[in-house]
Amino acid sequence: MDRTPASNADPAAASRQFRAELRRWRTRRGLTQRTLAERVRFSRETVAAVESGRRFGSQEFAVRCDEVLATGGRLADLWPRVAAEQLAADGRRGPRSAEVAGWEPAGPPPAPRRDPRDPQAVVAAIDELRELIGQVLAQPGPEGQPPSAAGRH
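Reading the values: the criteria
For every chain, the first residue of its written sequence is number 1, and the numbers climb from 1 along that sequence. Side-chain atom pairs in this predicted model are given and counted only at pLDDT of 80 or more, local residue features only at pLDDT of at least 70, and totals for whole chains, interfaces and linings cover all residues. As a rule here, side-chain values cover all heavy atoms of the structure and leave hydrogens and water aside. Whenever Lys or Arg places a side-chain nitrogen within 4 Å of a carboxyl oxygen from Asp or Glu, that contact is recorded as a salt bridge. To get an axis, a line is fitted to the C-alpha atoms, and for a helix only the part in contact is used. The angle between two axes follows their N-to-C directions and goes from 0 to 180 degrees. Working definition: helices are DSSP H or I runs of at least four residues, strands are E runs of at least two. Numbering for both runs from the N terminus. Our angle categories are set so that under 35 degrees counts as roughly parallel, over 145 as roughly antiparallel, 65 to 115 as roughly perpendicular, and the remainder as oblique. Contacts are assigned to residue pairs that have any heavy atoms within 4.5 Å of one another. In this classification, Asp, Glu, Lys and Arg are treated as charged, Ala, Val, Leu, Ile, Met, Phe, Trp, Tyr, Cys and Pro as nonpolar, and every other residue, Gly included, as polar. Think of a patch as exposed residues, more than 30% relative accessible area, with no salt bridge, where like charges cluster within 9 Å and nonpolar side chains (Val, Leu, Ile, Met, Phe, Trp, Tyr) cluster within 5 Å. Surface exposure here means Shrake-Rupley accessible area, sampled with a 1.4 Å probe, where a residue is shielded only by the protein chains that are shown. Partly exposed residues are those whose accessible area sits between 20% and 50% of the maximum for their type, while under 20% is buried and over 50% is exposed, using a 1.4 Å probe and protein chains only. Think of pLDDT as the predictor's per-residue confidence, scored from 0 to 100. Ring pairs shown here join Phe, Tyr and Trp side chains whose ring centres sit within 6.5 Å, with only the six-membered ring taken for Trp; geometry is labelled stacked below 30 degrees between planes, edge-to-face above 60, and tilted in between. Lysine and arginine charges are scored as sitting over a ring when NZ or CZ, respectively, is within 6 Å of the ring centre and within 35 degrees of the ring normal.

**Some remarks on the pattern of salt bridges**
Throughout the structure, instances matching the rule amount to five salt bridges. Here the salt bridges share partners, and the residues they tie into one network are Arg23, Arg26 and Glu51.

**Structural notes on the packing of helix H2 (residues 33-40) against helix H4 (residues 59-69)**
With their axes 9 Å apart at the nearest point, H2 and H4 run at an angle of 110° to one another. One element, H2, and the other, H4, form an angle in the roughly perpendicular class. Of the residues in H4, those touching H2 at Leu36, Arg39 and Val40 are Phe61, Arg64, Cys65, Val68 and Leu69. Residues belonging to the contact of H2 with H4 are distributed by class as follows: six nonpolar, no polar and two charged.

**Let's talk about a nonpolar patch on the surface**
The grouping of Leu129, Leu132, Ile133 and Leu137 at the surface amounts to a nonpolar patch, some 410 Å² of accessible area in total. Summarising the element assignment, Ile133 is placed in helix H6 (residues 119-138). Looking at Ile133, the relative accessible area reads 51%, which means it is exposed.

**Focus: the confidence of the model for the protein chain**
Here the protein chain shows a mean pLDDT of 76. Residues at 70 or above account for 66%. Confidence over residues 1-8 falls short of pLDDT 50; this stretch has zero contacts with residues more than four positions distant or in other chains. Segment residues 94-107 is flagged for pLDDT under 50; beyond a separation of four residues in sequence, or across chains, it makes 23 contacts in the model.

**What about the packing of aromatic side chains?**
Applying the stated criterion across every chain, the model contains two aromatic pairs. Ring plane angle 65° and centroid distance 6.2 Å describe the contact between Phe18 and Trp79, whose orientation is recorded as edge-to-face. Taken together, the residues span a long stretch of sequence, with Phe18 in helix H1 (residues 13-28) and Trp79 in helix H5 (residues 74-89) at a distance of 61 residues. This pair shows no difference in class: Phe18 is buried, exactly as Trp79 is. Where Phe42 meets Phe61, the ring centres are 5.2 Å apart and the plane angle is 90°; that geometry is what we call edge-to-face. Of this pair, Phe42 sits in the loop between H2 and helix H3 (44-52) while Phe61 sits in helix H4; the two residues are 19 residues apart in sequence, bridging distant segments of the chain. There is no split in this pair, since Phe42 and Phe61 are both buried. One cation-aromatic arrangement involves Arg28 over Trp25; the distance from NZ or CZ to the ring centre is 4.5 Å.

Have a look at this one:
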């Protein structure tokens, strides 16, 4: 018999499926990457990088895309497998969500070393910073105040 055991299954299958589903649903809805990015509050560069496989995205990205594209939760359903692939691909950083089955960070992961001369590394760092800033700005301040009013007295 010429069957490939499950342990030798393609380790990037979920990521490829996620990217294909994202692109299929985006084009089915007639949206450009820029329009989708605006609606999910991520950069166009992030949408393009996830669709092309240069980045894994995040669980939040998957959920927001599901909502905007009305996929019925297909992307969020794929996310745990994608996160596991991300962890396997770069164990130093791990997934962007601690909700991968049984995975709990032992502490803050070490920052990956990037070559400042590598334009892709610079773009990836900028995208990550934009994503983090967006997350911080989206969090309510003390007593439910909007973030912009949280620091004012």
